[in-house]
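One letter stands for each residue in the lines below.
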Amino acid sequence: ASLIRDFMVKLIFTVVIFVAICACMDNRQKTAKTNEIEFDSFVVDTTVTLAKDTNAPRCNLSFSVQYAKGNHAAKTNPVLIAKINQALIQSGIIVPDYLLPSNSADIRRAVDLFVNKFVSEYLQDYGKLYREDQAHANSYNYDYQVRTTTQVGADNVIVYTATVYTYGGGAHGINQTLVKNIDAKTGRIITLKDIFVPGYEETLQEVLLEKIKKKFNAKSLEALQQQYIFADGDIYVPDNFILNEDDIIFIYGEDEIAPHSIGQIRIEIDRDELNKIMK
């Protein structure tokens, strides 16, 4: 609050900020629970305006975040819980990972630090621009929303998903779906190298390409490129994936390999199709 008051004095703007935090389970969210782990949630909503008038630019930050808290009935090892939360912070899918020391496991503190830093930079940077260009007030609006869910994936795997929306002016915002698969026994985030044998890349790229060609009714890579998909010809395996019991879902985000109008691309591959390259 003091930081915001300082910027009010410096920028001579009126700042309205509201933060609501609740640490109770939200039954409306998709929440995973295993014998070892269960999740709780909290909400942070913040709105900052740059001037008194109703049409003044505003910044909206909204977080609905789940965090591991352990299964009390099973007396989960607190070290495991800390390791999971620390891994989620370091992964950068909730907030940028540079905000906290590498050993931090406090997700709420990470979100609070991000909000405070973002608000101060918005007031400083956007405030200066708005004072010089009040005719284009809408250009200085900003929205940042994060919604997280958890679900049980493959055996002993928790799928942690962050749905992120960002708008910083322009024609449209950007939607992202970011996924991390957590080993419920060790607290580690599972990578592609944990799943596939060395040298898997070429085979998996071919499978993905065939699936994408079928999805968009294209007979060749060149036909895909005519639709501006993989326009640069760089076929790659995304590290954004959902590890289920019977399949793996690979996710290419908005604007990642295709025009914005196509949106997110999800490719589902049965495990049976990948037997030769899976560990």
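Everything discussed here concerns the structure shown above.
The notes below deal with the structure included here.

Rules behind the numbers
- Residues numbered from 1 in each chain as written.
- Predicted model: local features only at pLDDT ≥ 70, side-chain atom pairs only at ≥ 80, totals over all residues.
- Heavy atoms only, no water.
- Helix = DSSP H or I, 4+ residues; strand = E, 2+ residues; numbered from the N terminus.
- Buried < 20%, exposed > 50% of the residue type's maximum accessible area, 1.4 Å probe, protein only.
- Contact = heavy atoms within 4.5 Å.
- Salt bridge = Lys/Arg side-chain N within 4 Å of Asp/Glu carboxyl O.

### Brief notes about the overall build of the protein chain
Step number 1: What the protein chain contains, in helices and strands, is 6 helices and 8 strands.
Step number 2: Tracing the protein chain from N to C terminus, the helices and strands come up as α-β-β-α-α-β-β-β-α-α-α-β-β-β.
Step number 3: Relative to its full complement of 279 residues, the protein chain shows a buried share of 48%.
Step number 4: Long-range contacts, defined as pairs at least 24 residues apart, comprise 58% of the intrachain contacts of the protein chain with a sequence gap of at least 6.

### Let's talk about the pattern of salt bridges
Step number 1: Tallying each qualifying case throughout the model produces 6 salt bridges.
Step number 2: K213 is the partner of E210 in a salt bridge, and the nearest nitrogen-oxygen pair spans 2.9 Å. Residue E210 and its partner K213 are both found in helix α5 (residues 201-215); the two are separated by 3 residues, about one turn of the helix.
Step number 3: The partly exposed category is assigned to E210, whose relative accessible area is 46%.
Step number 4: Measuring nitrogen to oxygen at the nearest pair gives 3.1 Å for the salt bridge that ties E273 to K211. Taken together, the residues span a long stretch of sequence, with E273 in the segment after β8 (265-270) and K211 in helix α5 at a distance of 62 residues.
Step number 5: Accessibility expressed as a relative area gives 41% for E273, which makes it partly exposed.
Step number 6: One continuous salt-bridge network, built from bridges that share partners, spans E38, D40 and K69.

### Structural notes on the environment of I158
Step number 1: When you line up the elements, I158 lands in strand β4 (residues 157-167).
Step number 2: Sequence separation between I158 and A32 is 126 residues, and the spatial gap between their C-alpha atoms is 6.9 Å.
Step number 3: I158 has contacts with A32, T34, F39, T150, Q151, V152, K180, N181, I182 and A184, leaving out every residue within four places of it along the chain.

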